[in-house]
Amino acid sequence: SIWIAILKTYYQILTKANRIVYMKISIEYCSIWNYLPKASSLESELEQIYPDAEIKLVSSGGGVFEVMVNGNLIFSKKSLDRFPEKGEIVNLINMD
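Conventions used here
- Residues numbered from 1 in each chain as written.
- Predicted model: local features only at pLDDT ≥ 70, side-chain atom pairs only at ≥ 80, totals over all residues.
- Heavy atoms only, no water.
- Salt bridge = Lys/Arg side-chain N within 4 Å of Asp/Glu carboxyl O.
- Helix = DSSP H or I, 4+ residues; strand = E, 2+ residues; numbered from the N terminus.
- Buried < 20%, exposed > 50% of the residue type's maximum accessible area, 1.4 Å probe, protein only.
- Phe/Tyr/Trp six-rings, centres within 6.5 Å; stacked < 30°, edge-to-face > 60°.
- Lys NZ or Arg CZ within 6 Å of the ring centre and 35° of its normal.

Q: Explain the pattern of salt bridges residue by residue, including any values.
A: Counted under the stated rule, the structure contains 2 salt bridges. Note that Glu 45 and Lys 86 form a salt bridge whose closest N and O atoms lie 4.0 Å from each other. With a gap of 41 residues between them, Glu 45 in helix α2 (residues 36-49) and Lys 86 in the loop between α3 (77-80) and α4 (88-95) connect regions that are remote in the sequence. Residue classification places Lys 86 among the exposed positions, given a relative accessible area of 74%. Ionic pairing is found between Arg 82 and Glu 88, a salt bridge with its closest N-O pair at 2.8 Å.

Q: Give me unusual backbone geometry: which residues, what numbers.
A: For Asn 70, which is not glycine, the phi torsion reads 50° and is therefore positive. As for its position among the elements, Asn 70 is in the loop between β3 (65-69) and β4 (72-76). Residue classification places Asn 70 among the partly exposed residues on the basis of a relative accessible area of 38%. Although it is not a glycine, Asp 81 sits at a positive phi angle of roughly 60°.

Q: Pulling in residues and values, what's your account of the packing of aromatic side chains?
A: Inspection of the entire model under this criterion finds 2 aromatic pairs. Centroid distance Tyr 35 to Phe 83: 4.8 Å. Interplanar angle 85°. Geometry classified as edge-to-face. Here Phe 83 lies in the loop between α3 and α4 and Tyr 35 lies in the loop between β1 (24-30) and α2, a separation of 48 residues in the sequence. Among the residues examined, Tyr 35 registers a relative accessible area of 12% and is labelled buried. For Phe 83, a relative accessible area of 23% puts it in the partly exposed group. Seen in terms of ring centroids, Phe 65 and Phe 83 are 5.4 Å apart; in terms of plane orientation they differ by 75°. Their pairing is edge-to-face. Placement of the pair is Phe 65 in strand β3 and Phe 83 in the loop between α3 and α4, with a sequence separation of 18 residues. An aromatic cluster is defined as three or more aromatic residues linked by ring pairs; in this entry it consists of Tyr 35, Phe 65 and Phe 83. A cation over an aromatic ring shows up here: Lys 38 above the ring of Phe 83, its NZ or CZ 4.6 Å from the ring centre. The side chain of Lys 77 reaches across the aromatic face of Phe 83, ending 5.4 Å from its centre.

Taken by themselves, the reported measurements are silent on function.
This is the structure we're talking about:
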């Protein structure tokens, strides 16, 4: 049973590591309202913390500023009526 506990711990470490390495992040921003600087700033912040993540900026319209991680929406300016605060997206990613 000690071996089962060790294997479970090892599996959790591997699972967490793989999630970070294979993370895909997209930042959809409104080009009409010039949200590109905010999107670029967030991209730089995420690149420093998750250097192996695939991060892409997606130009859009309609006042959107949305962040998706592995296909899941984790932040929407439309829903919250505000931009993310510094460090907020990282906290949301780490909560998962």
